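Summary of the model geometry
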Amino acid sequence: MIKREHWGSRLGFILAAAGSAVGLGNIWKFPYMAGENGGGAFLLIYLALVFTIGLSVMLAEMVIGRMAEKNAIGAFAKLKGGVWPLVGFCGVAAAFIILSFYSVVAGWTISYMVKSITGALAIEDPAALGSIFGGFISDPVSPLIYHALFMALTIFVVLAGVGSGIERASKILMPALFALLLILIVRSVTLPGAGEGIAFLLSPDFSKVTWTTVSEALSQAFFSLSLGMGAMITYGSYLSKKENIASSAGWVTLLDTSVAVMAGLLILPAVFAFGFDPSAGPGLTFITLPAVFAHMPMGSVFAFMFFLLLGIAALTSAVSILEVVVAYFVDDRGISRKSASIVVGVIIFLLGIPSSLSLGIMGEFTIFGLGFFDLMDYISSKLLLPIGGLFISLFVGWVVWGKAKEDIAAHNGVVPGWINAWGIIVKFIAPLAIAFILLKGLGVL
Ligand code: PHE
C-alpha cells in the first residue's frame, strides 16, 4: 500500500484548514446575517454555538479523518461500515451542491475586481450600484464566464495535489488575506462615524431574536467552519499522528471566528459611517460597500483590495470542497487526481449554471417557492450540513469513542482532562441541540 500523503508542516495544515473555513461565509454572509438579525445578539448566539457544538464537531471530523486516513465516504466504511458511509455520501452530495453556487458568487468577486480597476464602481449612489449589480447577476452570459474562470482556478490548485497544490496555495494566500483584512479594517474603523457600526455589532438587541435567528446562526456556524460534509475529515486524513490535533482544531475555529468578527468590523462601521442600511442582505458587499468606497479618497484601490480579499477567501474554501469529492475518486475509485479534478470540476461548473440563471432569465422557475440558487443554498446549509454534523457527532461519541480518545492523545500519549466534556458534547448535547434547532427552524416543533 502506498503511504498516504501528509501535510508538510503543522502550520501548513492549520493554514489549509483555516483556508477552507475562512471564505465567502465569513466575509460575504456573516456581516449581512448579523445586519439582518440584530447585530450583537446574533453575534453572541453565533459565538456560543461555535465554541460548543462547532469546535466539537470540528475535532470530531479531524479525528475521523486521521484515524481512517481516508476520504469522507471511505473513512466511515473503514472505521465501521454498515450504513455509516451514507453520512459520507451526503457530504459528497453537499460538496457538489455547495461548490456549484459558491463558485457563481466567487465569480462575481472576480468581476468586481475588474470593475474596480476600470472605475465602473466609482459611483456614490447605492441605487445606481444596485442596478449595476442586478444587471450583472441577471445577465445570462457574463457571470457564467467568471464562474468558469473561478472553477478553472480551483481545479488548477486541487490538481496539483495536497502538498504542492493545496498547502502551497494556502501558505501564500492566507497571509495575503490577513494583510488585506487588517489594512481594510484600519481604514473602516477610522472613518468618522464608524463607532455606531461597532456598537451595532457589539451591543445585543435581543428583541429581534427568534428560533429562526438561532437556526440561522447554527447553519451559518456549520457553513463557516466547513463542517458537516467531510471537508475536515478529508483534510484530517492527511494529518500525521505527531500533530496535536485538538490544538489544531482550536486554532482553525478561532481563526475562522476571528475573521468573521473582523469582517463585521470591516463592513458594518463603514456602512454606518455613510448612513447606509446594515440589513441590505446579500447585496451588502456588492452594492453598499462599493458606495462606501466611492466616498473615500483612493476608493477604487480599497475596492480592489476588498474584492481581492473576497476572491482569495473563496478560492481556498472552494479548493477544500472540490478536494472532498476528488479524494473519494482517488482513494476509492482508483481515478487519477488529474482526471478526477477536471471531470468533477466541470460537472460542478455545469450544475452552477442554473443557479446563476435563476437570478435572471430563469427567475420565474421556482421549486418549493425558491429559485434554484436559493434552493441549493437551503438544501445544503440548512439541511445537509447540520444533519451531517449530527451524525458525525453520534459516530464519534457512540461508535468509535475509544479509538477517538486514543487518537486525540496520539501525539504525546496523554489523554487530556477535557476529554469527557468533549464526550458529553458529541454524545448528547450536539446531536440533541442540532436536531432541536433544525426542527424548530423548519417549524416542525
Ligand atoms: N467555510 C466556507 C466559507 O465560509 C465554505 C465551506 C463550506 C467550505 C463547507 C467547505 C465546506 O465560505
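These figures come from a predicted structure and were not determined experimentally.

**A few points about the site of the ligand**
Surrounding the ligand, one finds 14 residues, the nearest of these being Ala 21, Gly 25, Tyr 102, Phe 223 and Ser 226. Leu 24 places a main-chain nitrogen or oxygen 3.0 Å from an oxygen atom of the ligand. The backbone of Gly 25 places a nitrogen or oxygen atom 2.9 Å from an oxygen atom of the ligand. Here the ligand loses 100% of its free accessible area of 320 Å² to cover by the protein chains. Assessed atom by atom at 2 Å from the grid points, the ligand resides in the largest cavity.

**Regarding a nonpolar patch on the surface**
Taken together, the side chains of Trp 211, Tyr 378, Phe 436, Leu 439, Leu 442, Val 444 and Leu 445 make up a nonpolar region of the molecular surface, amounting to roughly 630 Å² of accessible area. Tracing the backbone through its elements, the reader meets Val 444 in the segment after helix H18 (419-441).

**A word on the nonpolar core**
By size, the foremost hydrophobic cluster in this structure holds 162 residues, and its most contacted members are Phe 306 and Trp 422. Each residue touching Trp 422, except ones within four places of it in the same chain, is listed here: Ser 56, Leu 59, Ala 60, Val 63, Val 396, Trp 401, Ala 404 and Ile 408.

**Structural notes on the pattern of salt bridges**
Counted by the stated rule, this structure contains nine salt bridges. For Glu 216, the salt bridge is made with Lys 382, and the minimal N-O distance between the two is 3.4 Å. Of this pair, Glu 216 sits in helix H10 (residues 211-224) while Lys 382 sits in helix H16 (residues 372-399), and the two are 166 residues apart along the sequence. When salt bridges with common partners are traced through the structure, they connect Arg 66, Lys 241 and Asp 407 into a single cluster.

**A look at the environment of Phe 428**
By secondary structure assignment, the location of Phe 428 is in helix H18. We classify Phe 428 as partly exposed; its relative accessible area is 41%.

**Describing H10**
Look at H10: 20 Å from first C-alpha to last across 14 residues, which is about the 20 Å you get at 1.5 Å a residue. For H10, a buried count of 12 out of 14 residues is recorded, marking the element as mostly surrounded by other parts of the structure. What H10 keeps buried is the set Thr 213, Val 214, Ser 215, Glu 216, Ala 217, Leu 218, Ser 219, Gln 220, Ala 221, Phe 222, Phe 223 and Ser 224. Its side-chain oxygen at 3.2 Å from the backbone nitrogen of Thr 212, Thr 210 defines the N-terminal cap of H10. Of the residues trailing H10, Ser 226 is marked for its positive phi of about 60°.

Rules of the game
- Residues numbered from 1 in each chain as written.
- Predicted model: local features only at pLDDT ≥ 70, side-chain atom pairs only at ≥ 80, totals over all residues.
- Heavy atoms only, no water.
- Near = heavy atom within 4 Å.
- Polar contact = N/O pair within 3.5 Å; in protein donor to acceptor, adjacent residues only side chain to side chain.
- Areas by Shrake-Rupley, 256 points an atom, 1.4 Å probe, with all protein chains shown as cover.
- 1 Å grid on protein atoms, 1.4 Å probe; cavity = no way out; pocket = protein on both sides within 12 Å on 5 of 7 lines; lining within 4 Å.
- Sits in = over half its atoms within 2 Å of the grid points.
- Patch = residues over 30% accessible without salt bridge, like charges linked within 9 Å, V, L, I, M, F, W, Y side chains within 5 Å.
- Salt bridge = Lys/Arg side-chain N within 4 Å of Asp/Glu carboxyl O.
- Helix = DSSP H or I, 4+ residues; strand = E, 2+ residues; numbered from the N terminus.
- Core = buried A, V, L, I, M, F, W, Y, C linked by side-chain atoms within 4.5 Å.
- Buried < 20%, exposed > 50% of the residue type's maximum accessible area, 1.4 Å probe, protein only.
- Contact = heavy atoms within 4.5 Å.
- Expected span 1.5 Å × (residues − 1).

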